[in-house]
Amino acid sequence: MPLVTPLDAEYDLETKKLAEFFNETLGFCPNSVLTMQRRPAISKAFINLNKAVMANEGRVTSALKRMIAWVSSNATGCRYCQAHAIRAAERYGAEQEQLDNIWEYRTHPAFNEAERAALDFSLAASQVPNAVNADIKERLHTHWTEGEIVEMLGVISLFGYLNRWNDSMGTTLEGDAIDSGNQYLGKHGFEVGKHV
């Protein structure tokens, strides 16, 4: 049972219109957004930030952004966001081999060095205390522009908000996200946990 019950999608029509973005991303409007709309200014600001962060401005693909989100969510332990991120990575064309081996991104040949640098950045930036160091900075600058690094940190920061929101709320995980979590993360012990 979530801390706060999500409202119907019809509650705030401006939020509903903005939330159409999630139909492409996930195939449904997330319960987190339906809860945020208890204060519509929050739901609308969140959706607009999400759209800005996930826009493609350089070589950081939509699929890589979602894998960055997954690594960040895995680091913080948010099952809700792990399932959403892996589902969105799938929907945005992440290679099957990457989806099947996301847990082994550091060593699996499906990931190149630029992707490894981005995913290591996500892991380090998501830890408390923050673990971004000179090695990560050097590796990032070897493979990515400063604008692309800003895009990546935008994703990491957005999911920092979402990880805290959804784990604190105990947001109920939607059926399609559960299916994606089980498919790609189940072999490593994925479970819904508090997000029932």
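Residues numbered from 1 in each chain as written. Predicted model: local features only at pLDDT ≥ 70, side-chain atom pairs only at ≥ 80, totals over all residues. Heavy atoms only, no water.

**Observations concerning the pattern of salt bridges**
Note the threshold: Any Lys or Arg side-chain nitrogen located within 4 Å of an Asp or Glu carboxyl oxygen qualifies as a salt bridge. Put simply, DSSP H or I for four residues or longer makes a helix, DSSP E for two residues or longer makes a strand, and each gets a number counted from the N terminus. Partly exposed describes any residue whose relative accessible area lies between the buried limit of under 20% and the exposed limit of over 50%, with all areas from a 1.4 Å probe on protein chains only and scaled to the type maximum.
Tallied over the entire structure, the rule returns 9 salt bridges. We note a salt bridge from Asp 120 to Arg 139, for which the minimum N-O separation is 2.9 Å. With a gap of 19 residues between them, Asp 120 in helix H8 (residues 113-125) and Arg 139 in helix H9 (residues 134-143) connect regions that are remote in the sequence. Residue Asp 120 is classed as buried on the basis of its relative accessible area of 11%. The exposure class assigned to Arg 139 is partly exposed, which follows from its relative accessible area of 22%.

**Examining the nonpolar core**
Generally speaking, soluble globular proteins have nonpolar side chains that are buried together. Our working rule: Working definition of a nonpolar core: buried Ala, Val, Leu, Ile, Met, Phe, Trp, Tyr and Cys residues. They are joined through side-chain atoms within 4.5 Å. Between two residues, a contact is recorded if the distance between any of their heavy atoms is within 4.5 Å.
The biggest cluster of nonpolar side chains holds 58 residues, and the ones touching the most others in it are Ile 68 and Trp 144. Here this core takes 9 residues from helix H10 (residues 146-169), the largest share from any one element. Excluding anything up to four places from it in sequence, Ile 68 contacts Val 60, Ala 118, Leu 119, Ser 122, Met 152, Val 155 and Ile 156.

**Points about the packing of H8 against H10**
This is how the line gets drawn: Geometry is summarised by axes, namely lines fitted to C-alpha atoms with helices restricted to the contacting stretch, and by angles between N-to-C directions that run from 0 to 180 degrees. In what follows, roughly perpendicular refers to angles from 65 to 115 degrees, roughly parallel to angles under 35, roughly antiparallel to angles over 145, and oblique to any angle outside these ranges. Should the near helix be turned anticlockwise from the far one by less than a right angle, the crossing is left-handed, and should it be turned clockwise, the crossing is right-handed. Side-chain classes follow a simple rule in which Ala, Val, Leu, Ile, Met, Phe, Trp, Tyr, Cys and Pro form the nonpolar group, Asp, Glu, Lys and Arg form the charged group, and the remainder, Gly included, forms the polar group.
Viewed as axis vectors pointing N to C, H8 and H10 meet at an angle of 45°, and their least axial separation amounts to 10 Å. Classed by the angle they form, the pair H8 and H10 counts as oblique. With respect to the hand of their crossing, H8 and H10 are arranged in right-handed fashion. For the pair formed by H8 and H10, the contact residues are Ala 118, Phe 121, Ser 122 and Ala 125 on the first element and Ile 149, Met 152, Leu 153 and Ile 156 on the second. Here the contact of H8 with H10 is built from residues that sort into 7 nonpolar, 1 polar and no charged.

**Topic: unusual backbone geometry**
Cis geometry is found at the peptide bond from Val 128 to Pro 129, where omega equals 0°. Topologically, Pro 129 is positioned in the loop between H8 and H9.

**Regarding the UniProt feature "domain: Carboxymuconolactone decarboxylase-like" (unreviewed entry) in the chain**
Counted only if it meets this: UniProt positions are given in the numbering used here, feature names are shortened, and annotations may be inferred rather than shown by experiment.
What UniProt calls "domain: Carboxymuconolactone decarboxylase-like" (unreviewed entry) maps, in this numbering, to residues 40-120. The annotated region residues 40-120 carries 69% helix and 0% strand content, and the separation between its end C-alpha atoms amounts to 35 Å.

**Concerning the side chain of Gln 37**
Heads up, the condition is: In protein, a polar contact means a hydrogen-donor-capable atom and an acceptor-capable atom, both N or O and within 3.5 Å, with residues adjacent in sequence counting only if both atoms are side-chain atoms; elsewhere, any N or O pair within 3.5 Å suffices.
Here Gln 37 is to be found in the loop between helix H3 (31-36) and helix H4 (40-54). Separated by 2.7 Å, the side chain of Gln 37 and the backbone oxygen of Asp 8 make a polar contact. Sequence-distant contacts of Gln 37, defined by excluding residues within four places in its chain, comprise Leu 7, Asp 8, Ala 9, Tyr 11, Asp 12, Thr 15 and Ser 43.

**Some thoughts on the environment of Asn 56**
For Asn 56, the position within the fold is in the loop between H4 and helix H5 (62-76). The sequence separation of Asn 56 and Glu 148 amounts to 92 residues, and the corresponding C-alpha distance is 9.4 Å. When near neighbours in sequence (up to four residues on either side) are disregarded, Asn 56 contacts Thr 61, Ser 62, Lys 65 and Glu 151. A polar atom in the side chain of Asn 56 sits 3.1 Å from the side chain of Ser 62.

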